[in-house]
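Okay, here's what each chain looks like letter by letter:
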Amino acid sequence: MDELRSLRRREPELGLATFLHESGLDLEDIYSNNRSWSDLLEAGGGQTQLAGPYEVALRRAVGRTLHVSDPLRLQTYRSLVSQANPPRVDSMSIAERRLSHMLVASLVDQQVIGTDSLQAATDLVWQHPQILSELSELYPLLETRSDHIYSSVQGMDDVPLQIHAQYTRTEILAAFGGTSGAKLPPWREGVRHVPDARCDLLAFTLDKTSGTFSPTTRYRDYAISPTLIHWESQSGTREASPTGRRYVTHESMGHSILLFARMRQDDRAFWFLGSARYRGHTSERPMAVTWELDVPLSGDLFTAFAAAVA
C-alpha cells in the first residue's frame, strides 16, 4: 500500500497497467483474497466512482474472471463496458446476446432472481460505474495473456465458445441460451444434456486425489493422446439406456458431444476441448468411453493433463 501511495504521488492518475509494471506484481497478486484493483486504489488514497448497490459483491466477482483469455469475449466485453448506458440486449444478435449474458452472469448471477430479465440484470451491472471502469482496465491486460490459437465449433455459430479457452459452468450455460431470464439453472453434475442445442456437455476433473470426490465418483478421466480422451460416464449409465445410446450413436443422431476439462476441483473454470466423436467403450455403470477430439489438444494442455493424472 505504501508503494501505491508513493507511485500515486508521482502519477496521480495511476492506472492498473502502470501499477503492475512499476510494482512487479501480477494480476493474481492484485486479486488475491477477494480483493480488487478498486479496493487497492481506495486504500491507497485514489478516487473511485460512486458505489452501486452490490459494490462489494461485484468487486469480488471481477477477480473471478481472470481466466477469460479468448479474443472473442475480450473484444466484445471491452466494447460493452465502454458504453455509458446499459446495452440493449433486444437489439443484439443471438451470439452477441449470449456473450452479454456470459459477462453479466459472471458478475451478478447471485444477485438476480428467477423473474429478472437479462436486460434488468444488465441494467443492474451498469449501476456500478467503478466496476465498469475497472473492467475496462482489466480486459486489455487479459488480452496480453492469450496464449492459444482459438477456434469455434463448426455448425455452432450462435454458441460463442472458443476451443482451448476457459469457462465456468455459468458461462457455458449462458453460451447456450435456453432461458429467457437472467438467472441460469444450477449445474452440479458432470454431464448436462442440452436438447435444444442437440448436444451433451461433459465437464470433468482430471486430478481427483484432492477435494471432496467420493470413491464412487472418482471416474478415470484422462488424455490418452492429443486427440483421444478416456472418459467415464456417471455410475449408473448403461449402453442400452437413452443416455448411453446417445453417446454411442450421437453422430448418426446429429447430436454433438462437447468436452470440458479442469485440472482440480477447486478450479472454477474448465478448458473447452471442443467437439468429440465416439470411438468405442468398455464396461458399463460406468461406461468407459474413448472420445476423439475434432481439434487436437495444444502441446501445453496435453502435457498439463498428463501431469495432472500421473
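Look up a bit, the structure's there.
What this report covers is the structure whose coordinates are included nearby. Position numbers for residues start from 1 in each chain and track the written sequence from start to end. Since the coordinates come from a predicted model, pLDDT governs what is reported: local features require at least 70, and pairs of side-chain atoms require 80 or more to be given and counted, while whole-chain, interface and lining totals use all residues. Computation of side-chain values covers all heavy atoms of the structure but excludes hydrogens and water.

### Examining helix H10 (residues 169-176)
Extensive coverage of H10 is indicated by the burial of six of its eight residues. Relative accessibility under 20% of the residue-type maximum defines a buried residue, over 50% an exposed one, and the middle range a partly exposed one, all with a 1.4 Å probe and only protein chains included. Only DSSP runs of H or I with at least four residues qualify as helices, and only runs of E with at least two residues qualify as strands; both kinds are numbered from the N terminus onward. Burial in H10 covers these residues: Glu 171, Ile 172, Leu 173, Ala 174, Ala 175 and Phe 176. Contacts between residues were defined by any pair of non-hydrogen atoms, one from each residue, lying within 4.5 Å. At its buried positions, H10 is contacted by helix H6 (71-81), helix H7 (94-108), strand S1 (166-167), strand S2 (191-194), strand S3 (199-205) and strand S6 (256-262). Looking one or two residues beyond H10, the residue adopting positive phi is Gly 177, at roughly 65°.

### Comments concerning the pattern of salt bridges
When the charged atoms of two side chains lie near each other, side chains of opposite charge can form a pair. When a carboxyl oxygen of Asp or Glu lies within 4 Å of a side-chain nitrogen of Lys or Arg, that pair is called a salt bridge. Applying the stated criterion across every chain yields a total of 15 salt bridges. Among the ionic pairs, Arg 245 bridges to Glu 239, the shortest N-O distance being 3.4 Å. According to the relative accessible area criterion, Arg 245 is partly exposed, its value standing at 34%. Across the pair Arg 264 and Asp 267 runs a salt bridge whose closest N-O atoms are separated by 3.8 Å. By sharing partners, the salt bridges in this structure join Glu 251, Arg 277, Arg 279, Glu 292 and Asp 294 into a single network.

### A few points about the packing of H7 against H10
Fitting a line to C-alpha atoms yields each axis, with helices limited to the stretch in contact; the angle taken between N-to-C directions then spans 0 to 180 degrees. For the pair H7 and H10, the least separation of the axes is 8 Å and the interaxial angle reads 155°. With respect to their mutual orientation, H7 and H10 come out roughly antiparallel. In the crossing of H7 with H10, the sense of the turn from one axis to the other is right-handed. Two secondary-structure elements touch here, H7 through Arg 98, His 101, Met 102, Ala 105 and Ser 106 and H10 through Thr 170, Glu 171, Ala 174, Ala 175 and Phe 176. Polar here means any residue other than Ala, Val, Leu, Ile, Met, Phe, Trp, Tyr, Cys and Pro, which are nonpolar, and Asp, Glu, Lys and Arg, which are charged; Gly is therefore polar. Within the contact of H7 with H10, the residues separate by chemical class into five nonpolar, three polar and two charged. Reported orientations rely on four angle classes, namely roughly parallel under 35 degrees, roughly antiparallel over 145, roughly perpendicular from 65 to 115, and oblique for the rest. Two helices that cross are described as forming a left-handed crossing if the nearer one is turned anticlockwise from the farther one by less than a right angle, and a right-handed crossing if clockwise.

In short, geometric facts, not functional conclusions.
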